[in-house]
Amino acid sequence: MESKRLQLLEEEDRKPKKVARMGFNASSFLRKSQLGFLSATSYCRLAHELRVSCMERKKVQIQSSDPSTLASDQFNLILADTSSQRLFTVNDVKVGGSKYGIISLRGLKTPTLKVHMYENLYFTSRKVNSVCWASLNHLDSHVLLCLMGIAQTPGCATLLPTSLFASSHPGMDRRGMLCSFRIPGAWSCAWCLNVQANNCFSTGLSRRVLLTNVVTGHQQSYGTNSDVLAQQFAVMTPLLFNGCRSGEIFAIDLRSRSQGKSWKSTRLFHDSAVTCVRILQEEQSLIASDMAGKIRLWDLRTTKCLREYEGHVNEYAYLPLHVHEEEGLLMAVGQDCYTRIWSLHDAQLLRTIPSPYPASKADIPSVAFSSQLGGFRGVPGLLMAVRQDLYYFSYS
């Protein structure tokens, strides 16, 4: 496994402009498309495959008011906001525990590739089980974290305002201060953007789903047959999709009461614990991954599996999926520390990217992809965080 990783890294360094297949170039399949030998779908997929095959790895320089911490604190995860202007980071501290930061991507311009890390004084000795962006005051105004309980301290869900990361000066505006909800044993969380459940978030617990209104404090509970490990709200319809340890995926109709049998509107089944669910934009299909390494695309109308994405490696970890419909790409980092990129439309594996470091449980990379990293007119590409380093893979 390690020899394969080193070989792939050597090939990438030796061939910075590697081509996917012999004779595979933009001019050839553009000509075939013009002559009618390629369908529009095939042409788009081949164009994406060419761009993915030419992605090059470059190290990003991270600037901070306290550079000493950058050399010791390791990335646990990164999570891009809706506009891809910021990354929320969870970093493992050398003395134990975790701290949070926000990386501004506005300075991510080639060829310099510099970003700035904003930190705060909040520190936790508890494990972060789940993270998502939350839109309380405005879009992505807060970050929602599920923290595991430890000793006599129960678990909780915490809303952390991003304004706390803007500056360390005490005179700065601190509207929307941190607030916590005592919710023990939360495995997953999701924020709702549907107007029928405004200002609400969900947490997936052991055999229960808990819906909480941040403003009123009202909570609604839904009993389940298994631990809920993954969640996502639909936007156009008042539905909450949940993935369970049993392998079941089901939707909760938020208009129904928690008692009774009518609130389960859709049911799908995997053979292993579901670790991630992602609803596609039209909300007629869903992608899910599990602890057997299976990634499946489901039709929500017929509840049938449309296709599987082969090659993902997972046996026990909670690993996210990254879907980019505009580019027709699906990405996932495996337990073997390889980042794999598939064509969303035909499930072909387009690229396997090795980690810059040897594979280990503690060094699984965390990634984010966008066609506009840094916001409007930003650079397209993939960001990979592993250990203390942040890497950029160009996509152009």
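Calculation criteria
- All residue numbers refer to positions counted from 1 along the written sequence of the respective chain.
- It should be noted that, the model being predicted, local features are given only for residues of pLDDT at least 70 and side-chain atom pairs only at 80 or more, the latter also being counted only at that level, while totals for whole chains, interfaces and linings use all residues.
- The basis for the side-chain values is all heavy atoms of the structure; hydrogens and waters are excluded.
- A run of H or I in DSSP counts as a helix once it spans at least four residues, and a run of E counts as a strand once it spans at least two, with each numbered from the N terminus.
- Here a residue-residue contact requires only that any non-hydrogen atoms of the pair lie within 4.5 Å.
- With a 1.4 Å probe rolled over the protein chains alone, any residue whose accessible area is under 20% of its type maximum counts as buried; one over 50% counts as exposed, and the rest are partly exposed.
- Disulfides are defined in this document as cysteine sulfur pairs within 2.5 Å.
- Each nonpolar core is a collection of buried residues, namely Ala, Val, Leu, Ile, Met, Phe, Trp, Tyr and Cys, held together in the definition by side-chain atoms within 4.5 Å.
- Criterion used throughout: strands pair if DSSP finds at least two bridges between them.
- The convention used is that axes are lines fitted to C-alpha atoms, helices contributing only their stretch in contact, and that angles between N-to-C directions extend from 0 to 180 degrees.

### Here's the deal with the environment of Ala186
Here is step 1: You can see Ala186 is positioned in the loop between strand 10 (179-181) and strand 11 (188-191).
Here is step 2: Taking the C-alpha atoms as reference points, Ala186 and Thr203, separated by 17 residues in sequence, lie 6.0 Å from one another.
Here is step 3: Excluding anything up to four places from it in sequence, Ala186 contacts Asn129, Cys146, Thr203, Gly204 and Leu205.

### A word on the side chain of Ser289
Here is step 1: Along the chain, Ser289 turns up in strand 20 (residues 285-290).
Here is step 2: Accessibility expressed as a relative area gives 1% for Ser289, which makes it buried.

### Some points on the state of the cysteines
Here is step 1: Counted according to the given criterion, the structure contains 0 disulfides.
Here is step 2: Among the cysteines around Cys156, which has no disulfide bond, Cys146 carries the closest sulfur, lying 8.5 Å off.

### So, unusual backbone geometry
Here is step 1: Although it is not a glycine, Asp140 adopts a positive phi angle of roughly 60 degrees.
Here is step 2: Despite not being glycine, Arg387 shows a phi value in the positive range, around 55 degrees.
Here is step 3: Of note, Arg387 is situated in the loop between strand 28 (379-386) and strand 29 (389-394).
Here is step 4: By relative accessible area, Arg387 is classed as partly exposed at 27%.

### Description of the nonpolar core
Here is step 1: Membership of the largest hydrophobic core comes to 21 residues, with the highest contact counts inside it found for Val52, Met55, Leu329, Ile341, Leu382 and Phe393.
Here is step 2: Of all the elements in the fold, those that place two or more residues in this core are strand 24 (329-333), strand 26 (349-353), strand 27 (366-373), strand 28 and strand 29.
Here is step 3: Non-local contacts of Leu382, meaning those with residues more than four positions away in its chain, are made with Met55, Met331, Thr339, Ile353, Val367, Ala368, Phe369, Leu373, Tyr391, Tyr392 and Phe393.
Here is step 4: By size, the runner-up hydrophobic cluster in this structure holds 19 residues, among which are Val60, Leu70, Val115 and Val379.

### Let's talk about the sheet that holds strand 21 (residues 295-299)
Here is step 1: As summarised here, the arrangement of the 4 strands in space is 19-20-21-22, forming an open sheet in which the pairing is antiparallel. One side of each edge strand has no neighbouring strand; the edge strands of this open sheet are strand 19 (274-279) and strand 22 (304-308). Direction aside, the axes of adjacent strands within the sheet are offset by 25 degrees on average.
Here is step 2: Here 5 bridges tie strand 19 to strand 20, and the two strands are oriented antiparallel to one another. Across the sheet, residue Ile279 finds its bridge partner in strand 20, namely Leu286.

So far we have only geometry, and geometry alone does not tell us how the molecule works.
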